[in-house]
2 protein chains.
Amino acid sequence: MLYADAMSATLPPPPGPRPQLPVELLDTLPSGFDPVADEPCLRADAARNRARLLEAAARLVAEHGAAGVTMEAVAAAAQVGKGTVFRRFGDRTGLLMALMDHSEKKFQAALLSGPPPLGPGAPPAERLRAFGLAMLSRAGEELELQLAAEPAPERRYTVPARRFHRAHVALLLRQAAPDADSELLAHTLLSSLDPALIHHLTVQCGQPLERLERAWTDLVARTTGTAPPE
Amino acid sequence: MLYADAMSATLPPPPGPRPQLPVELLDTLPSGFDPVADEPCLRADAARNRARLLEAAARLVAEHGAAGVTMEAVAAAAQVGKGTVFRRFGDRTGLLMALMDHSEKKFQAALLSGPPPLGPGAPPAERLRAFGLAMLSRAGEELELQLAAEPAPERRYTVPARRFHRAHVALLLRQAAPDADSELLAHTLLSSLDPALIHHLTVQCGQPLERLERAWTDLVARTTGTAPPE
DNA sequence: AAACGAACCGGACCGAGGTCCGTTTAAAGT
DNA sequence: ACTTTAAACGGACCTCGGTCCGGTTCGTTT
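Since the model is a prediction, treat every value here as computed from it, not as a measurement.

Novice: Which parts of the structure should I look at to understand the nonpolar core?
Specialist: It is characteristic of soluble globular proteins that their nonpolar side chains tend to be buried jointly. With 70 residues, the main nonpolar core has Phe131(A), Val169(A), Phe131(B) and Val169(B) as its most contacted residues. Among all residues touching Phe131(B), those that are not within four sequence positions of it are Phe107(B), Leu111(B), Leu118(B), His165(B), His168(B), Val169(B), Leu190(B), Leu193(B) and Trp216(B). Listed in part, the 23 residues of the second largest apolar core include Phe89(B), Leu95(B), Met100(B) and Ala149(B).

Next comes the structure, spelled out in structure tokens:
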């Protein structure tokens with residue numbers, strides 16, 4: 001199942017060789033859990049600092065907004081050296097994405113094994129519709145973080161979370177629109193849920209979320225050729 | 001005509017009040033041309049430095065790629081102070097976009113008054129198709145620059161060039177798919193021509209441009225409900 | 001021609017992301 | 001307990017985008 005690949009960690013294993021084990025659930029599970037991958041098995045101090053850093057970062061977001069999350073500030077707030085932040089999260093984007101990891105993993109779980117129509121059980125077109133609505137709803141909550149966490153253009157489409165979403169949408173499309181290029185069409189559909197676009201439409205243009213929801217529903221109907229639900 | 005608005009200059013007039021005159025063609029015309037707008041009427045030294053800077057920037061792109069275009073390097077190469085670069089172009093993104101202005105203006109002219117199917121005269125769905133193919137072709141040429149010129153997420157959808165494209169696509173959609181939310185659908189269609197996506201698919205995934213072209217054609221057909229041209 | 005003011009110039013300066021490398025330390029082996 | 005080693009640490013350091021402000025220049029007005 002190619003889902004597994006996309007489920008992988010936010011941060012690519014930076015140092016050392018790593019036996020392939022894509023699924024990483026480190027901070028929802030007791031440390032030392034994973035019997036195969038050793039990447040999540042951080043040294044005691046490293047794990048402690050990682051937790052500290054995430055907590056500090058979250059606090060900074062709450063207090064000063066995402067723009068206030070400076071690598072130096074996070075390091076200071078966690079009483080840790082700056083280098084440690086970069087070693088753990090790679091770069092600012094990595095840190096911000098790690099901050100959203102919980103929410104993302106929960107979402108992915110809902111897609112894979114939650115109740116329909118988001119999870120399996122509903123017809124593909126309807127699951128697609130539910131997917132978009134869920135994404136819009138998520139954006140409503142952590143839009144600022146999603147914006148701030150946007151990686152450089154060259155990396156944007158290789159972010160694990162996005163690859164997962166793409167694989168999910170492509171899978172549904174393959175069933176709902178068998179004659180289309182589901183891979184590329186998945187890209188297109190996902191693009192219309194881009195946080196930057198949502199921000200532009202809602203915050204900058206003052207459009208209500210409902211309009212975006214209607215547009216998504218309509219888009220799904222058009223591309224899959226199914227009739228829109230009234 | 002709401003085209004006019006989107007045709008406006010790459011850089012918003014930073015200092016002083018400006019009588020509304022949207023169309024700006026400054027560097028294709030002798031300076032001092034515009035009888036209404038005074039923004040393009042730069043002082044002699046300013047105009048000279050602007051030209052120097054653009055030339056220097058273009059040379060740097062040619063020699064070291066877009067990544068080599070450092071504001072300081074450009075300033076040095078143009079034998080000009082760093083502050084001057086920022087005064088003229090606002091920021092790095094502004095400079096890079098100015099570098100693409102010629103090509104963009106030509107493209108816009110082709111859309112507005114060029115020969116069909118890109119220009120007026122062809123049925124809307126076909127013009128849409130031509131638009132996407134033209135965008136893909138353009139991306140093939142100056143992809144690197146387009147990537148480097150990508151603005152921050154909050155500004156991405158307010159860039160004049162993009163607003164123009166959006167208005168154009170929305171106009172065509174209003175005819176080709178009257179029952180859709182043409183504004184939002186325009187956003188969606190445009191997103192699938194995003195330089196970052198094109199880069200990802202062609203450079204990183206090695207997909208041939210033809211596949212993207214087919215996907216675009218198919219997408220237009222699906223969303224407008226018209227039959228795809230065989 | 002002289003004076004005037006707005007626009008422009010330039011480079012010192014700042015903040016933030018990211019790198020580097022000498023030092024420390026956790027944990028595995030003896 | 002002692003050695004060893006790979007990993008983690010931390011903060012000095014670098015680069016680059018962006019700001020600021022005192023000095024200069026262009027174009028105009030009298």
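Picking up where we left off.
Novice: Can you help me understand the protein's contact with DNA strand C in this one?
Specialist: In the vicinity of DNA strand C lie 22 residues, with Lys82(A), Arg43(B), Asn49(B), Gly81(B) and Arg87(B) positioned nearest. Between Gly81(B) and DNA strand C, the recorded distance is 2.8 Å, taken from a backbone N or O atom to a phosphate oxygen. Taken together, the elements giving at least two residues each to the surface near DNA strand C come down to helix H2 (44-64) and helix H4 (82-89) of chain A together with helix H2 (44-64) and helix H4 (82-89) of chain B. Residue composition of the surface near DNA strand C, by class: seven nonpolar, five polar and ten charged.

Novice: Teacher, can you tell me more about the packing of aromatic side chains here?
Specialist: Residue and element names in this part refer to chain A. Counting across every chain of the model gives two aromatic pairs over all chains. When the centroid spacing of 5.9 Å and the interplanar angle of 35° are considered together, the rings of Phe107 and Phe131 count as tilted. Here Phe107, found in helix H6 (residues 101-113), pairs with Phe131, found in helix H7 (residues 124-148); they are 24 residues apart in sequence, far enough to count as distant. In this pair, the class of Phe107 matches that of Phe131, namely buried.

Novice: How do you make sense of the protein's contact with DNA strand D when you look at a structure like this?
Specialist: Taken together, 21 residues are adjacent to DNA strand D, and Arg43(A), Asn49(A), Gly81(A), Arg87(A) and Lys82(B) come closest. Ala44(B) is positioned such that a nitrogen or oxygen atom in its backbone is 3.2 Å from a phosphate oxygen of DNA strand D. Elements supplying a minimum of two residues to the surface near DNA strand D: H2 and H4 of chain A together with H2 and H4 of chain B. Of all the elements, H4(A) adds the most residues to the surface near DNA strand D, at five residues.

Novice: Whenever I open this one, the interface of chain B and chain A confuses me. Can you help?
Specialist: Each partner contributes residues to the interface: chain B has 32 residues there, and chain A has 32 residues. In total, about 2800 Å² of surface goes out of reach between chain B and chain A, with carbon and sulfur atoms giving 59% of it. Looking only at chain B, the three residues that lose the most surface to chain A are Tyr157(B), Leu184(B) and Arg222(B), adding up to 23% of its buried area. The tally of links between chain B and chain A comes to six salt bridges. Arg156(A) is the salt-bridge partner of Glu150(B), the closest N and O atoms lying 2.1 Å from each other. Across the contact surface, chain B and chain A share twelve residue pairs in polar contact (both at pLDDT 80 or more). When residues of the side of chain B that touches chain A are assigned to their parent elements, the largest contribution, seven residues, is made by helix H12 (residues 209-224) of chain B. Each residue belonging to the side of chain B that touches chain A can be placed in one class, and the counts come to 13 nonpolar, nine polar and ten charged.

Novice: Explain the side chain of Glu150(B) here, please?
Specialist: Within the secondary structure, Glu150(B) is located in the loop between helix H7 (124-148) and helix H8 (153-156). A polar contact of 3.4 Å, which involves the side chain of Glu150(B), links it to the side chain of Arg156(B).

Novice: Teacher, can you tell me more about the relation of the copies chain B and chain A here?
Specialist: The operation relating the pair of chain copies consists of a rotation about an axis and a translation along that axis. For the pair chain B and chain A, the relating rotation is 180°, the translation along its axis is 0.0 Å, and the fit reaches an RMSD of 0.0 Å. In symmetry terms, the pair is related by a two-fold rotation axis. Both copies share a contact surface, since 100% of the interface residues of chain B are interface residues in chain A too.

Novice: What exactly am I supposed to notice about helix H6 (residues 101-113) of chain B here?
Specialist: Spacing of three or four residues puts side chains on the same side of an α-helix, whose turn is 3.6 residues. Residue and element names in this part refer to chain B. With 13 residues, H6 should reach 18 Å at 1.5 Å per residue; the first-to-last C-alpha distance of 18 Å fits that figure. Residues Asp101, Glu104, Lys105, Phe107, Gln108 and Leu111 constitute the buried set of H6. The arc that holds the buried residues of H6, viewed along the axis, is 160°, so those residues lie on one side. Exposed residues pointing more than 90 degrees away from the buried face of H6 are listed as Lys106 and Ser113. Where H6 is buried, its residues contact helix H5 (92-99), H7 and helix H9 (160-176).

Novice: In this structure, what is going on with the pattern of salt bridges? I would like to understand it.
Specialist: Oppositely charged side chains may form a pair once their charged atoms are brought near each other. Residue and element names in this part refer to chain B. As enumerated under the stated definition, the model contains 26 salt bridges over all chains in all. Ionic pairing is found between Arg166 and Glu183, a salt bridge with its closest N-O pair at 2.9 Å. One end of the pair, Arg166, is in helix H9; the other, Glu183, is in helix H10 (residues 182-191), with 17 residues separating them in the sequence.

The rules we used
- Residues numbered from 1 in each chain as written.
- Chains lettered and ligands numbered in written order.
- Predicted model: local features only at pLDDT ≥ 70, side-chain atom pairs only at ≥ 80, totals over all residues.
- Heavy atoms only, no water.
- Core = buried A, V, L, I, M, F, W, Y, C linked by side-chain atoms within 4.5 Å.
- Buried < 20%, exposed > 50% of the residue type's maximum accessible area, 1.4 Å probe, protein only.
- Contact = heavy atoms within 4.5 Å.
- Near = heavy atom within 4 Å.
- Polar contact = N/O pair within 3.5 Å; in protein donor to acceptor, adjacent residues only side chain to side chain.
- Helix = DSSP H or I, 4+ residues; strand = E, 2+ residues; numbered from the N terminus.
- Nonpolar A, V, L, I, M, F, W, Y, C, P; charged D, E, K, R; others polar.
- Phe/Tyr/Trp six-rings, centres within 6.5 Å; stacked < 30°, edge-to-face > 60°.
- Buried area = accessible area lost by both parts, 1.4 Å probe.
- Salt bridge = Lys/Arg side-chain N within 4 Å of Asp/Glu carboxyl O.
- Least-squares fit on C-alpha atoms with pLDDT ≥ 70 in both.
- Expected span 1.5 Å × (residues − 1).
- Arc of directions from axis to C-beta.

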